[in-house]
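Architecture and fold: a report
As a plain string of letters, each chain reads:
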Amino acid sequence: MRRSYRRLLIWSRIQNDLASEMLDVFDQAAAEERGKGLIAYSRFCLREVGGAVMSIVPWGEFMTHRRMVAQWALAGAIIGGVAAGAWNARPHTSSAVLRVRPAQIPNHLVPTQDGSAVEAAVQNAVLGVTSTAKLNVLARSHGLFGANGPDNMERVAARMREAIQIEHGSVLRISFTHGDALVTPKVTADLVSLTIAEFARIRTTEANLSVEFMRESLKEAGAVLEQRLAAAHAAENARRPVQRLLLDTDIARQRYEMLSAKAWDAEMTSNLERRMQGPTLDLAVPPSKPERLRLSVVVALLGGAAGGILLGFIVSLALSAFRSRPVLQPA
């Protein structure tokens, strides 16, 4: 410790004789404080060394470097702001996985679901979600790609489609890539919700249309069957040949019974879809969260300015120390 204290006196502006007296006083005080214990000796060393360090700094000369400190602070703030912008601009991808959940009612109680129809509904749901109108609504709700300005809807939709990735295999994977790591999972969650809702809407609409079609077909088949039965009865009463008419009546009856079974299946399917008990799209893996936090630009500016001030102070302190001329020469 004595050697370090002596080196600090060499760097300071203290005359030789005064420095020697200060070393003697330091030795006496150090011996006395060492006898009081480690804590007292540590406090003494910190106090004396700190005083010696402060004596090195020529504060008048340091103040001449205040412009340099301000310049370092400005440079640090600029660097911090640029770093924050570059950090936040890095693209982040949030992904979610959807899967088709089969009907909740056993197959022997409900009509067998057509797998190809379910897959077609998934594809149509994806097409509906990625339509120009819905993509523009989604972009406006999150303030993406200038959708709230006068930009063309087709341009905004095209940029949204570029940021959206949809993989349709055994599962449906939906991903969205954007520079804002906080907005990305929110957009992905909205895409998931829209896809699930669109799938349910398509299935319900198709089921209702099937019911209407089967009802009309069954009504027509019933009318034909009644005509054939009437014709067969009339032929029997008139004692005309009825073999051909009976054959036509059997064909009409078979068609009516087949359509009746299909109409019942359509009614059951419509009820399942209306009650959300048929095949549905379920969220298997929720949208992934940001892997990195967003860096506040204000915090980055203040941090960069603080770092610049610290570096400027250190550089100024070093310049002041090296420009000083030590009087005490080492023995």
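Note: the structure precedes this text.
Residues numbered from 1 in each chain as written. Predicted model: local features only at pLDDT ≥ 70, side-chain atom pairs only at ≥ 80, totals over all residues. Heavy atoms only, no water.

Quick notes on the environment of Val 82
With respect to the helices, strands and loops of the structure, Val 82 is situated in helix H5 (residues 66–89). Judged by its relative accessible area of 56%, Val 82 falls in the exposed class. Linking Val 82 and Gly 304, residues 222 residues apart in sequence, is a C-alpha distance of 10.0 Å. (Helix = DSSP H or I, 4+ residues; strand = E, 2+ residues; numbered from the N terminus. Buried < 20%, exposed > 50% of the residue type's maximum accessible area, 1.4 Å probe, protein only.)

Thoughts on the nonpolar core
Grouped together as the largest cluster of nonpolar side chains are 28 residues, with contacts concentrated most on Leu 144, Met 160, Leu 172, Phe 176, Val 187, Leu 191 and Phe 199. Going through the elements one at a time, strand E1 (92–101), helix H6 (115–129), helix H7 (132–142), helix H8 (153–163), strand E3 (172–178) and helix H9 (183–237) are the ones with two or more residues in this core. Here Leu 144 is in contact with Ala 139, Met 160, Phe 176, His 178, Val 183 and Val 187, once residues within four sequence places are set aside. Counting residues in hydrophobic clusters, the runner-up holds seven residues, among them Met 214, Leu 218, Ala 221 and Ala 263. (Core = buried A, V, L, I, M, F, W, Y, C linked by side-chain atoms within 4.5 Å. Contact = heavy atoms within 4.5 Å.)

Things to note about the sheet that holds strand E2 (residues 164–168)
Spatial ordering of the open sheet is given by E2-E3-E1-E4, a layout of four strands whose pairing is antiparallel. In this open sheet, the two strands that pair with only one neighbour each are E2 and strand E4 (280–285). Neighbouring strand axes in the sheet, compared pairwise and without regard to direction, differ in orientation by 25° on average. Here seven bridges tie E1 to E3, and the two strands are oriented antiparallel to one another. For His 92, the partnering residue across the bridge sits in E3 and is His 178. Contacting E1, E2, E3 and E4, H9 runs over the sheet at an angle of about 20° to E1. (Pairing = 2+ DSSP bridges. Axes fitted to C-alpha atoms, helices over the stretch in contact; angles between N-to-C directions.)

Re the packing of H7 against H9
Orientation of H7 relative to H9, taken along the N-to-C sense of each, is 145°, at an axis distance of 11 Å. Between H7 and H9 lies a crossing whose hand is right-handed. Of H9, the residues touching H7 (which contributes Lys 134, Leu 138 and His 142) are Val 183, Lys 186, Val 187, Asp 190, Leu 191 and Glu 198. Residues that form the contact of H7 with H9 fall into these classes: four nonpolar, one polar and four charged. (Left-handed = near helix turned anticlockwise from the far one by under 90°. Nonpolar A, V, L, I, M, F, W, Y, C, P; charged D, E, K, R; others polar.)

Looking at the pairing of E2
Relative to E3, E2 is paired through five bridges, and the arrangement is antiparallel. Note that in E3 the partner of Glu 167 across the bridge is Arg 173. Connecting the antiparallel pair E2 and E3 is a turn made up of three residues.

Focus on the packing of H9 against helix H10 (residues 243–274)
Across the interface, H9 lies against H10 with an axial gap of 8 Å and an inter-helix angle of 160°. Overall, the two elements H9 and H10 adopt an arrangement that is roughly antiparallel. Relative to H10, the crossing made by H9 is left-handed. Of the residues that constitute the contact of H9 with H10, the class distribution is 18 nonpolar, nine polar and ten charged. (Parallel < 35°, antiparallel > 145°, perpendicular 65-115°, else oblique.)

Topic: the environment of Glu 206
Among the secondary structure elements, Glu 206 is positioned in helix H9. On the basis of relative accessible area, Glu 206 is assigned to the partly exposed category, the value being 32%. Distance in space between the C-alpha atoms of Glu 206 and Ala 266 is 9.8 Å, their sequence separation being 60 residues.

Let's talk about H10
An α-helix turns once per 3.6 residues; consequently, residues spaced three or four apart project the same way. If you check H10, its first and last C-alpha atoms are 46 Å apart, about what 32 residues at 1.5 Å a residue would give, namely 46 Å. Elements in contact with the buried residues of H10: H9. Of the residues one or two after H10, Met 276 is the one with positive phi, at around 60°. (Expected span 1.5 Å × (residues − 1).)

Observations regarding empty space enclosed by the protein
Under the defined criterion, the tally for this structure stands at one cavity of 30 Å³ or more. In this structure, the largest cavity occupies an estimated 60 Å³ of space. In terms of lining, the largest cavity is formed by Ile 196, Phe 199, Ala 200, Arg 203, Thr 204, Glu 273, Met 276, Pro 279, Thr 280 and Leu 281. Counting only elements with at least two residues in the lining of the largest cavity, the list comes to H9 and E4. (1 Å grid on protein atoms, 1.4 Å probe; cavity = no way out; pocket = protein on both sides within 12 Å on 5 of 7 lines; lining within 4 Å. Points joined across faces, edges and corners; volume = space filled by probe spheres on them.)

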